[in-house]
Amino acid sequence: MANDLPAEVAIARLALYLTDTAAAELADIALDMRSDTLHRRDWLEQVAMLLSRKTIMFDDLRTTAASVRHDRSDDETGEVIVGRLASGFDRAAAISPAASVQLSSLGDEEMLSATTAEIASWLEQQGFTGAGKTILDIGCGIGRFESALHARVKYIVGTDISPRMLAIARQRCAGLGNVEFCQTSGLDLGEFAVAGFDGVLAVDCFPYLVLAGIAERHFSEMARVLRPTGLAAILNYSYRMSPAVDSSDIRHLARACGMDVVIDGEMRFRHWDGTAFLVRRRDGT
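So, here's what we can say about the structure. Along each chain, the written sequence defines residue order, and numbers are assigned to residues from 1. Restriction of local features to residues with pLDDT of at least 70 applies here, the model being predicted, together with a cutoff of 80 or more for giving and counting side-chain atom pairs; totals for whole chains, interfaces and linings are based on all residues. To get the side-chain values, all heavy atoms of the structure are used, and hydrogens and water are removed first.

## Details of the packing of aromatic side chains
Under the pairing criterion, centres of Phe, Tyr and Trp rings, with the six-membered ring standing for Trp, must be within 6.5 Å; the plane angle then separates stacked pairs below 30 degrees from edge-to-face pairs above 60, leaving the rest tilted. Under the criterion given, the structure shown has 7 aromatic pairs. Look at Phe206 and Tyr237: their rings are 5.6 Å apart centre to centre, the planes differ by 25°, and that puts the pair in the stacked class. Placement of the pair is Phe206 in helix 10 (residues 206–212) and Tyr237 in the loop between strand 5 (226–235) and helix 12 (243–256), with a sequence separation of 31 residues. Like Tyr237, Phe206 is buried. Joined through ring pairs, the aromatic side chains of Phe89, Tyr208 and Tyr239 make up one cluster. The secondary structure listing takes helices from DSSP runs of H or I that are at least 4 residues long and strands from runs of E that are at least 2 residues long, numbered from the N terminus. Each residue gets one of three labels from its accessible area relative to the maximum for its type: buried under 20%, exposed over 50%, partly exposed in between, using a 1.4 Å probe on protein chains only.

## A closer look at helix 12
Counted at 1.5 Å a residue, the expected span for helix 12 with its 14 residues is 20 Å, and the 20 Å between its end C-alpha atoms agrees. For helix 12, the full list of buried residues reads Asp246, Ser247, Ile250, Leu253 and Ala254. Seen along its axis, helix 12 keeps its buried residues to an arc of 135°; they face one direction. Projecting away from the buried face of helix 12 at angles above 90 degrees are the exposed residues Ala244, Arg255 and Ala256. Just downstream of helix 12, Gly258 is the residue with a positive phi angle, here 70°. For a helix, the expected span equals 1.5 Å multiplied by the number of residues minus one. Summarising the geometry, the arc corresponds to the directions from the helix axis toward the C-beta atoms.

## Description of the pairing of strand 2 (residues 153–160)
Sheet faces and side chains relate simply in a regular strand, where the side chains alternate between the two faces. In terms of burial, strand 2 is a largely internal element, 6 of the 8 residues being buried. In the sheet, strand 1 (residues 130–138) pairs with strand 2 via 6 bridges, with the strands oriented parallel. Residue pairing for strand 2: Gly130 is matched across the bridge by Val153. When the strands point away from the viewer, a crossover counts as right-handed if the path from the first strand over the helix to the second runs clockwise. Between the parallel pair strand 1 and strand 2, the chain is carried across by helix 8 (residues 144–149), and the sense of this crossover is right-handed. Pairing between two strands requires that DSSP report at least two bridges joining them. Relative to strand 3 (residues 179–183), strand 2 runs parallel, the two sharing 5 bridges. From the neighbouring strand, Ile156 faces strand 3, where its bridge partner is Val179. This β-α-β element, strand 2 to helix 9 (residues 163–172) to strand 3, shows right-handed connectivity.

## Here we look at the state of the cysteines
By definition, a disulfide is the covalent link that joins the sulfur atoms of two cysteine residues. Here, the term disulfide refers to a pair of cysteine sulfur atoms separated by no more than 2.5 Å. As enumerated under the stated definition, the model contains 0 disulfides in all. Not engaged in a disulfide, the cysteine Cys173 finds its nearest cysteine sulfur in Cys140; these two sulfurs lie 8.4 Å apart. Overall, the relative accessible area of 5% leaves Cys173 in the buried class. Between Cys257, a cysteine without a disulfide, and Cys205, which holds the nearest cysteine sulfur, the sulfur-to-sulfur distance is 15 Å.

## Some points on the packing of helix 2 (residues 23–32) against helix 3 (residues 41–53)
In a packed pair of helices, the relevant descriptors are the angle between the two axes and the axis-to-axis distance. Interaxial distance between helix 2 and helix 3 falls to 8 Å at its minimum, and their mutual angle equals 165°. As summarised for this structure, helix 2 and helix 3 are arranged roughly antiparallel, according to the angle between their axes. Pair helix 2 / helix 3 crosses with left-handed handedness. For the pair helix 2 and helix 3, contact is made by Ala23, Leu26, Ala27, Ala30 and Leu31 and by Leu44, Glu45, Val47, Ala48, Leu51 and Ser52, respectively. Residues are grouped as follows: Ala, Val, Leu, Ile, Met, Phe, Trp, Tyr, Cys and Pro are nonpolar; Asp, Glu, Lys and Arg are charged; all remaining types, including Gly, are polar. Of the residues in the contact of helix 2 with helix 3, the class split is 9 nonpolar, 1 polar and 1 charged. Here an angle of 0 to 180 degrees is reported between the N-to-C directions of two axes, which are lines fitted to C-alpha atoms, with helices fitted over the stretch in contact. Orientation categories follow fixed angle ranges, with anything under 35 degrees roughly parallel, anything over 145 roughly antiparallel, 65 to 115 roughly perpendicular, and all other angles oblique. Handedness of a crossing is defined here by the sense of rotation of the near helix relative to the far one, left-handed for an anticlockwise turn of less than a right angle and right-handed for a clockwise turn. Residue contacts are counted whenever heavy atoms from the two residues lie within 4.5 Å of one another.

## Points about unusual backbone geometry
Residue Leu106 is not a glycine yet carries a positive backbone phi of 60°. Tracing the sequence through the fold places Leu106 in the loop between helix 6 (97–101) and helix 7 (109–125). Leu106 gets classed as buried once you look at its relative accessible area, which sits at 2%. Unusually for a residue other than glycine, Asp204 sits at a positive phi of about 60°. Relative to the elements of secondary structure, Asp204 occurs in the loop between strand 4 (197–203) and helix 10.

## Regarding a nonpolar patch on the surface
A cluster of nonpolar side chains, namely Leu16, Tyr17 and Leu18, defines an oily patch on the protein surface of about 300 Å² accessible area. Among the secondary structure elements, Leu16 is positioned in helix 1 (residues 7–17). Patches draw on residues past 30% relative accessible area with no salt bridge. Two like charges within 9 Å are joined, as are two nonpolar side chains (Val, Leu, Ile, Met, Phe, Trp, Tyr) within 5 Å. Accessible surface area values rest on a Shrake-Rupley calculation with a 1.4 Å probe, where residue burial reflects the displayed protein chains alone. Throughout this description, the term salt bridge denotes a Lys or Arg side-chain nitrogen within 4 Å of a carboxyl oxygen of Asp or Glu.

This is the structure:
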C-alpha cells in the first residue's frame, strides 16, 4: 500500500481483501513492519491504532463489503446485475449505513460526515452549487449529500435502487422542503425531463454502472437531463484500478455526448481515495 494512502482507506482495503485475518493480528503486523519501513513509521502506527481501536467494527466492515458483489457472471444482463446490487446495498445498509456508502468511513458517522463536507466544499469551489440551481444525485445512498447540500441549492433530487438506503435517506432529510427522493430502475434516467437540472452528482455509483455495462447509457442520459453549460461531477468512474483507462473512457464519452472535461481524474480529498471528474455540457450555440 502506498504511504500516501489515507490510513482509513488502507483499513477498508484490508477488510475488503484480507477476509481471514483478525484486526488485532493485522495491527501487530503493521507494528512489526515499522523497523523495515522507517519512512512509513507514522503511517503504520496510525493503521495499527485504528485496527486496535476498532476490532469489532472491522468484522462489520468485512460483512458490509461482502454484501455487495463486485464481479459479474458471463450470463448476467445489466438488469439482473442492477437487481442484485440493489439487494446487496439493502443488506449493507442494514449492517452499517455509513460503511455502505463509504467503506473507508469505517462505519463511523463522524468520519463519513467529514469526507462528505470536504466533497461538498469542493463542489462549491467548482461552481457546482448555487442558490438557484437544481441538482440530481444519482445513487444518493443514505442521503448524505442531500443533507450537506440542501442549503446551497434551490432543489436536489436523490435517486437510488436500494429501498433500505432510501428509507434511511428520507429519515435523515426529514423536514427539508427542497429535497426529494425516488427509487429508480438504475438502468437509465427516464423519469427526468430534458434539460431539467443544472448539475448531476454521481459519487461512487459509476463503478457499478460500469460493472453492469450501462455506464455509456447513463453518460448520455446525464447529458440529456443537464441544461446547457450544466456540470456533471463523477467521483470514481470505476474500480478497475486504472486511472488512465478511466480518464480515456470519460474523455471519449464526453466527446460523444457533447460535453467537455473540466477536471480529469484528480484526487482531491484527504480521507477518501475518490478520483474526481467534472464534465460540462456544451451550451449548444
